Structure formats: C-alpha cells, structure tokens
Amino acid sequence: MSEALTAAAPVVAVAVPVHRRGWRQKVAPWLMLAPSLALMLYAFVLPMLTFFEYSFYTFRRGKLIEEFSLTTYRRFLFDAYYQTIVLDTLWMAALTTVLALAIGYPLAYALWRLERPWMKRWLSLIIFSPIIVSVVVRSYGWIVLLADQGPVNWALKGLGLTNGPVSLVFNLTGVVLSLAHVFLPFVVFPIYSSMTRIDPALREAAMDLGAGWARTFRSVTLPLTLPGVVAAVQIAFTLALGAFVTPAMLGGGRVLVLPLQVYNATSDINWPVAAVGGLVLLVIAILVVALCNRLLKYSEA
Amino acid sequence: MTPDVEFKNVSKVFGSHTAVDNISFTVPAGSFFSLLGPSGCGKSTTLRMTSGFEFPDRGEIFISSENMAGVAPYRRPTNMVFQRWALFPHMTVFDNVAFGLTVDRLPRAAIRTRVGQALELVGLSPFADRKPRQLSGGQMQRVALARALVKRPKVLLLDEPLGALDLKLRMQMQLELKRIQREVGTTFIYVTHDQGEALTMSDQIAVMNNGRIDQLASPQEIYDHPATRFVANFIGNANLLPVEVESAAADAATGLATVSMGGLAFPTSVAQKPADRRGWIAIRYERIRLGEAARAMPIQMQGRIRDAIFAGSTVHYLMILEPSGIEITVEAGHDGISRPLPQGSLVDVGWEPGVTRLFGDV
Ligand SMILES: Nc1ncnc2c1ncn2[C@@H]1O[C@H](COP(=O)(O)OP(=O)(O)O)[C@@H](O)[C@H]1O
Ligand SMILES: [Mg+2]
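For the structure given in this document, a descriptive report is provided here.

About the thresholds
- Residues numbered from 1 in each chain as written.
- Chains lettered and ligands numbered in written order.
- Predicted model: local features only at pLDDT ≥ 70, side-chain atom pairs only at ≥ 80, totals over all residues.
- Heavy atoms only, no water.
- Buried < 20%, exposed > 50% of the residue type's maximum accessible area, 1.4 Å probe, protein only.
- Helix = DSSP H or I, 4+ residues; strand = E, 2+ residues; numbered from the N terminus.
- Pairing = 2+ DSSP bridges.
- Salt bridge = Lys/Arg side-chain N within 4 Å of Asp/Glu carboxyl O.
- Contact = heavy atoms within 4.5 Å.
- Buried area = accessible area lost by both parts, 1.4 Å probe.
- Polar contact = N/O pair within 3.5 Å; in protein donor to acceptor, adjacent residues only side chain to side chain.
- Nonpolar A, V, L, I, M, F, W, Y, C, P; charged D, E, K, R; others polar.

Topic: the pairing of strand E12 (residues 256-261) of chain B
All names here are of chain B.
Then, in step 1: With respect to burial, E12 is a largely interior element, five of its six residues being buried.
Then, in step 2: Summarising the sheet, strand E11 (residues 238-247) and E12 pair through three bridges and their orientation is antiparallel. The residue of E12 that forms the bridge with Glu244 is Ser260.
Then, in step 3: As consecutive antiparallel partners, E12 and strand E13 (residues 264-270) are separated by two residues, and within that stretch Gly262 has a phi angle of approximately 60°, a positive value.

Structure, rendered in structure tokens:
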C-alpha cells in the first residue's frame, strides 16, 4: 500500500507540464504529505483496524475465541473493575491537568511580564527542562524527592506541618506531581503565546478606565488567554491519559490506569481486553479534543 | 479660565534619547488643544505622561491644579482614546462602554442610562450588542470615544484617533468630534500629525518638533505667523527664500524689517531676529499674486514660468524670480475658464509685506 503511493509520486511530478501551475499546486501538498500519510496508514490505521477486529473477540481460559461478540465491551461498560480503571484514569488526567494549569498559568504570566531578555531565556529553559531529562531519570528523581525519608517529607516535618511522613510517592499524588511537572512546557507555551497576542494597549485601556491590576487581569487578560488555556488543557489531558512510564514507576502498583491495564492485558495475550482498552482511551481522547475545540470556538465567538 | 492641565518644564528620556525636552504649557478648561508634529516628535509620550502611563524624568504635571507625580492612571481624571482604539474584543459594544462604570461599581440602572446616553451621543445606539469586529473603523472609533467619555473625565486624551480611517470618513469624524466636544464641554487634548485636522478642530495648537514645543498659538496665528522655520515648513506649503538682512530691527511704526533679494530691497514681518546678515523668509504658495493682481501689491518683482501644474481648484507655478534667480512655487486660484499662464512667459509677481516671515540662519 505505502509502496504504491510513494512509487506513484515521482511519475506524477514529471508528468506535470510547467505551464499547468494550478494543477501542480494542487498536487504538491499531497506529494509532501505522502510519506506521513503512508506512515499513518501503516503504523496507525492498519493496527487500529486490527485492534478493532480483535475487540469483538473474547478471551476465555487463556484462549482467544475468534467469534463475533460484544462481551468485552459489555464488561468495560458494566463491570465495576473496569469502570474503576476508566474513572481512575480520567481522575488522574484531570488532577494532572488542573495542577499543571495552576503552576503553568502563573509561570506563563511571569514569562510574559519579564522585561529583561536574559531572564526570559533562563525561565524558558527552566520550564523546558523536564522534557530534556529522560522519563526514567526524572521518575527516579521524584521517587527520591518524595520518599518517606526524602527531602520533601523532611522539610514538612521540619516546618512542623506534619508528625509522621506523608506518603507522597507510590500513589496517585506522586504520579500527578511528576506528570504535571513534565507537562509544564506543554501548558506554559500555548498560554504564553496567547498572552503575547494581546494588544498591550488593551491592558492600558482597562487601567485608564479605572481598573487596577486584579480587575484588569480578571476582565481582560484572563478571558483573552482562554484559547491558550483550552489548548493547554487539550494537550495536558490527552498526554496524561496515555501516560505509561510515570504511573508505572511512581504509582507503585497502586495506580492502575488504562495504559497500564492495556499493557498487562497484552502481556497476558488477552488481545480483546487490550483492544477495547485502547479503543476506550482513543474515544476519550477524541471526546476531550472535540470538547476543547468546541470551547475554543465558543470562547472566540 | 482655570487651566485643566499644566506642564511645567517636563522632560522624558528613553535610554539616551530625549523624547520630550523641557516642555511647558497650559490647557484652559473646556478647550480643544492639539499637539501637532511629525511622527516621533514626542506627542504620544506627552499624552501618555498626562494619562499616567509614563512618568516624567523632570518637571511636573498638574491636572486641575493637582500634582500628578506618582498618581496611577486609574486614579487620574483623564481618559484616553487610543491610537488603534484598543476595544476589548471579547466584549460587546455595550460592555466596552460600560467597563469603566462597572469598575467604579455604579448601580446597574445608572450604568444603563449613562451607557445609553454615551452611545446616543456617538450615534451607535443600534449597535450596542455587536462585538467590535462586527463594526467598521469609524464605528469602532466612536465606541472608543463613548467608552472614554462615559466616565465624564475632566480631560479627554486622543492619540491620533482618526489615523486609521480613510480620508472621507476622517473629514466627517473631525466635524463630529468637534460637535461632541462642544456638547460635552470636556477639555480635549488631541494628538495628530495631520495639520489639516489640527487647524480645523483646535482652539489652541502646540506644534512639536524634536521633543520641544516650537509654537503654541491659535490655528490662525500658527498658520499666518509661524514662529520658527520648522512651523512654517510643516504647516501649509511655504517657500523658504534666502535673503540679505538690511535692517533686522523692526521698524517702530510698521513692525517690519527690511531685507533684500537679488539687490531688490523690501519689507517683511519678523519671526526671529537674524544674528547676522543672512536670513530666510517664508512665504506661503497661495499668498503670492501673479499678473494683474501682482501689480496692485506693495512688493513687486518679475518671474519666469518654468512649469505649470494643474491641480483642479488651483494651478501650481514653478517660477524663477528675476533678477535674483531664486526658485519659488506659486499657488494661483483656477477660475474654471482661463488657461494657465504659458511656460517661459515673464509675469509680474507681488505680495503684501505682512505675509512674509523673517527667520535667522540656523
Ligand atoms: N517606551 C519607549 N521606549 C523607548 N523609546 C520610546 C518609547 N516610547 C517612545 N519612544 C521614542 O520616543 C520618541 C517619541 O515617541 P512618541 O512620543 O511616540 O512620538 P509621536 O507620538 O510624536 O510619534 C520616538 O523616537 C520613540 O521612538
Ligand atoms: Mg504617536
């Protein structure tokens, strides 16, 4: 399939006469898209179709039964075990998104308001740093930081905020903290970019009309940066949905989210459960993206 | 009248560049005051210091006799109409205009009435529910005006508010602005680089040049009696002609000095006393008479027509004066019947002594 596409490409390019530019302009984008389309087809569409097929089979006593059935779907929808996994996944993604926003928005604001270019550069680098570091290294870092005898707990106790150690790792807290950390750049930069698009005269106009800093922020800056916030939510939420390594390492086996469940199912060669799990993830992601796009359109109207 | 705004020796420096250089002026309450000058001469900076977005490095600013040092923009009795209007894109016309009043926590009913009145004033009542991007440039301009006026400021500051409109609309808005100013009686400080705008609307014009005020006077005074060469050049069309100064001291009776050009001596009114014998006179294109009319003038010479440019209501003649050989441009009215004077012909040229202004050689 992919070979046919790429092979056809040069033939088309040669056959176009120079003067028929209109036609050529129509074809050129497709030519450039061809490699990625081929890749998508091979690595995404075909596996998805296979998955789709498998999702209608059942797995019983270690055996795959290749007969059409909706059993696996039914189990995902109505079995409390799977329901919990889906809800936990959504909960974790939501918490992560909220935390990333809570930290990321002020950071974006600071980055926007900083006057000196060198300060801007350093702050950008700091915001970028989590994705420069390997996920494994970063996760171990968080484990050390958040451990019962780690510096965070030590500081909490030192400040007299707690008596015993607070469990911050090998549970949902650790996973959410670590994920929010790595998603920061994906949250900060869309928001920052929506801030730079605001005409500086708008804030001056608000102040000129009697609004102080807080009122100006609430009535002008915040509403006009909502598109950036929605984009950030979209990215953070969908990334959190698919996160695998971080929940595996920092969840300590206590945070069972869909990607982990899918992984476990594949290692049990339980293809139908893995397939339905994957499809559920995909559907949730699509719904979130669609919902966000709706919000975006609404906020721009 | 009490001054509404007073600048006392105000300077503003950006880095090494002096944007506003030791300016002083007063704006009488209720007047239409224009800051006129080319781009980059410090008009916006002056306006922004009045509104509190910039603070002067030296000098003091008073609004209603109150020193504005350290007073934030939102505490000043001024409101601004911004250069590109700066309407809040996510709010309706109504909410834009109401913004300043909701910030002041006025009762809802009072806000409704006042916004209604303001929209009425600018003729936008039917557009209250629209978003800014559903409006034309002229309408956005009116919203910006209503939004600022609804706060009933002592002083309204306008930064080239008509700059983004096309010519026809600009002319129409000039009249409208003047009407609104008369109706509300607020002091307007109006920034523009368009001399026509300043001349038609203002009670007083401050002509700025390189951060300084070259002249502050009524439109007629500025047009008829420019104080510097810059003002003569910037406003209207003027010939700047080199002259020999015969007697710089103005004659006690007439107030005129005597200069000569190509050996021909004649009187002129004085703007600046030249330091030595070299000086310049400025004379507007349309103040020079030709032919029959010239022969009735106290000052007469002759000139050869090098070129005639027809411009509809007027004809511009490029001429060489004789015997001095100096080049001048003359704007003569066109009556719709006669032909322009032919090229190469020698015609009489004349003017009144009062229409030329003498400047020093700097
Ligand atoms: N915030 C600023 N920082 C640096 N230079 C500025 C700033 N604002 C204005 N200037 C400079 O000051 C001068 C006057 O600017 P401005 O008052 O905006 O002129 P105008 O409104 O008459 O065109 C210009 O040379 C401009 O580049
Ligand atoms: Mg300006």
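Let us keep going from here.
Some points on the pattern of salt bridges
Then, in step 1: The tally for this structure, following the rule as stated, stands at 19 salt bridges over all chains.
Then, in step 2: Lys12 of chain B is paired through a salt bridge with Glu54 of chain B; the nearest N and O atoms lie 4.0 Å apart. Of this pair, Lys12 of chain B sits in strand E1 (residues 3-14) while Glu54 of chain B sits in the loop between helix H1 (43-51) and strand E4 (58-63), and the two are 42 residues apart along the sequence. Summarising the burial analysis for this pair, Lys12 of chain B and Glu54 of chain B share the class buried.
Then, in step 3: The residue Glu244 of chain B makes a salt bridge to Arg277 of chain B at a minimum N-O spacing of 3.1 Å. Within this pair, whereas Glu244 of chain B is found in strand E11, its partner Arg277 of chain B is found in the loop between E13 and strand E14 (278-284), the two being separated by 33 residues in sequence.
Then, in step 4: Glu244 of chain B gets classed as partly exposed once you look at its relative accessible area, which sits at 38%.
Then, in step 5: By relative accessible area, which is 42% here, Arg277 of chain B ends up partly exposed.
Then, in step 6: Because the salt bridges share partners, they merge into one network encompassing Glu204 of chain A together with Lys12, Arg48 and Glu54 of chain B.

Some words on the interface of chain A and chain B
Then, in step 1: The partner chain B presents 23 residues to the 18 residues of chain A that form the contact.
Then, in step 2: Carbon and sulfur atoms make up 65% of the surface buried where chain A meets chain B, a total of about 1700 Å² over both sides.
Then, in step 3: Interface area lost by chain A to chain B is led by Glu204, Asp208 and Leu209 of chain A, which between them contribute 39%.
Then, in step 4: Inspection of the region where chain A meets chain B yields one salt bridge.
Then, in step 5: In this structure, the salt-bridge partner of Glu204 of chain A is Arg48 of chain B, at a minimum N-O distance of 2.8 Å.
Then, in step 6: On the surface where chain A and chain B come into contact, there are five residue pairs in polar contact (both at pLDDT 80 or more).
Then, in step 7: Elements with a contribution of two residues or more to the side of chain A that touches chain B: helix H9 (200-208) and helix H10 (213-242) of chain A.
Then, in step 8: Per-element accounting of the side of chain A that touches chain B gives the leading share, seven residues, to H9 of chain A.
Then, in step 9: Here the side of chain A that touches chain B is composed, by residue class, of eleven nonpolar, three polar and four charged.

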